[in-house]
Amino acid sequence: MRRVLTLSVVAAIALLSLGVGGVAAGPVADSVAPSQTADSVASGPTDVAAGDVPRSATAAECDAGDGTEVVGCWNGTHYEAELSFNQSDGLNESELEALTHLTMARVEHIRERPFREDVPVETVSREEFMNDSAGGNNSSEAFRRWNDQVWEALFVVGEEENANDEIDSVFGGAVSGFYSPAQDRIVLVVAEGEETRIDPSTLAHELVHGMQDQYHDLTRPRYAGATQDGDLAVDGIVEGEAVHIEERYAARCAANWTCIDARAA
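Reference entry: report on the structure contained in this document. (Residues numbered from 1 in each chain as written. Predicted model: local features only at pLDDT ≥ 70, side-chain atom pairs only at ≥ 80, totals over all residues. Heavy atoms only, no water.)

Examining the packing of helix α7 (residues 200–216) against helix α8 (residues 228–255)
- At their nearest, the axes of α7 and α8 sit 9 Å apart, and the two run at 135° to each other. In terms of orientation, α7 and α8 fall into the oblique class. Handedness of the α7/α8 crossing: right-handed. Listed contacts from α8 to Pro 200, Ser 201, Ala 204, His 205, Val 208, His 209 and Gln 212 of α7 are Val 238, Glu 239, Glu 241, Ala 242, Val 243, Ile 245, Glu 246 and Tyr 249.
- Looking at side-chain class alone, the contact of α7 with α8 contains 8 nonpolar, 4 polar and 3 charged residues. (Axes fitted to C-alpha atoms, helices over the stretch in contact; angles between N-to-C directions. Helix = DSSP H or I, 4+ residues; strand = E, 2+ residues; numbered from the N terminus. Parallel < 35°, antiparallel > 145°, perpendicular 65-115°, else oblique. Left-handed = near helix turned anticlockwise from the far one by under 90°. Contact = heavy atoms within 4.5 Å. Nonpolar A, V, L, I, M, F, W, Y, C, P; charged D, E, K, R; others polar.)

What about the packing of helix α3 (residues 93–111) against α8?
- Packing of α3 against α8 leaves a shortest axis separation of 10 Å and a crossing angle of 105°. On the basis of the axis angle, α3 is roughly perpendicular to α8. On α8, the residues that touch Thr 103, Arg 106, His 109, Ile 110 and Arg 111 of α3 are Glu 241, Ile 245, Arg 248, Tyr 249 and Arg 252.
- Within the contact of α3 with α8, the residues separate by chemical class into 3 nonpolar, 2 polar and 5 charged.

Observations regarding helix α5 (residues 141–153)
- The terminal C-alpha atoms of α5 lie 18 Å apart, and with 13 residues this matches the ideal 18 Å at 1.5 Å per residue to within 8%.
- For α5, the complete set of buried residues consists of Asn 147, Asp 148, Val 150 and Trp 151. Along α5, the residues classed as buried sweep out an arc of 155° about the axis, all on the same side. What points out from α5, more than 90 degrees from its buried face, is the exposed set Gln 149 and Ala 153.
- Looking at the residues trailing α5, positive phi occurs at Phe 155, about 60°. (Expected span 1.5 Å × (residues − 1). Buried < 20%, exposed > 50% of the residue type's maximum accessible area, 1.4 Å probe, protein only. Arc of directions from axis to C-beta.)

Have a look at this one:
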């Protein structure tokens, strides 16, 4: 279910409005998900030991039958592969799948560890996303009143307004996608009545969250901040890693990878 829109949530939604993406803790319109702590990101119990980072597979070593231990290769797609299509006329289902496989391979190569399983990617219309977002807050009345006071003190909302509703109305139209740990899937938001076009940086960012969830289970209570400061701390870790990988991904696209043009998205 949806968590309350605190300052950390709005910061994450602001990232989404820039095409950065974020994590959701439940169904469509969830807020930023609980994340791993700094030590769990750096050396979770299932991570490889320092100095024992797996080597990315070569194109010749990449095969559709390879297991999940191979890095830089997903479902037969090598991280240096090129797509035979663009998204000038939108992406169909098979093209979105191919783009997802290539992006997963590239995230593996940059992060230097493999995905454990597929990360489903689905699309919803902006209208559907906004409808599902409405009324999704199940926090206590006392907490909602406190949260309203926080935003009133910042002069973001008025005394008679509901902070959650007001923030939804402003930022809901800018969300481009999110990962839901509760549903183990990525949801990308597309314009109603338009062809499906994806910002590849958003997809890469959300796939990092999918990988985080596979290794650390982001639904665990230990990753939920007990206070707003706690939420900010865990959000900083989970989003910080995803943004770092996304920036390295974008740098590779600018240097030597062939990537779908985000301007067509």
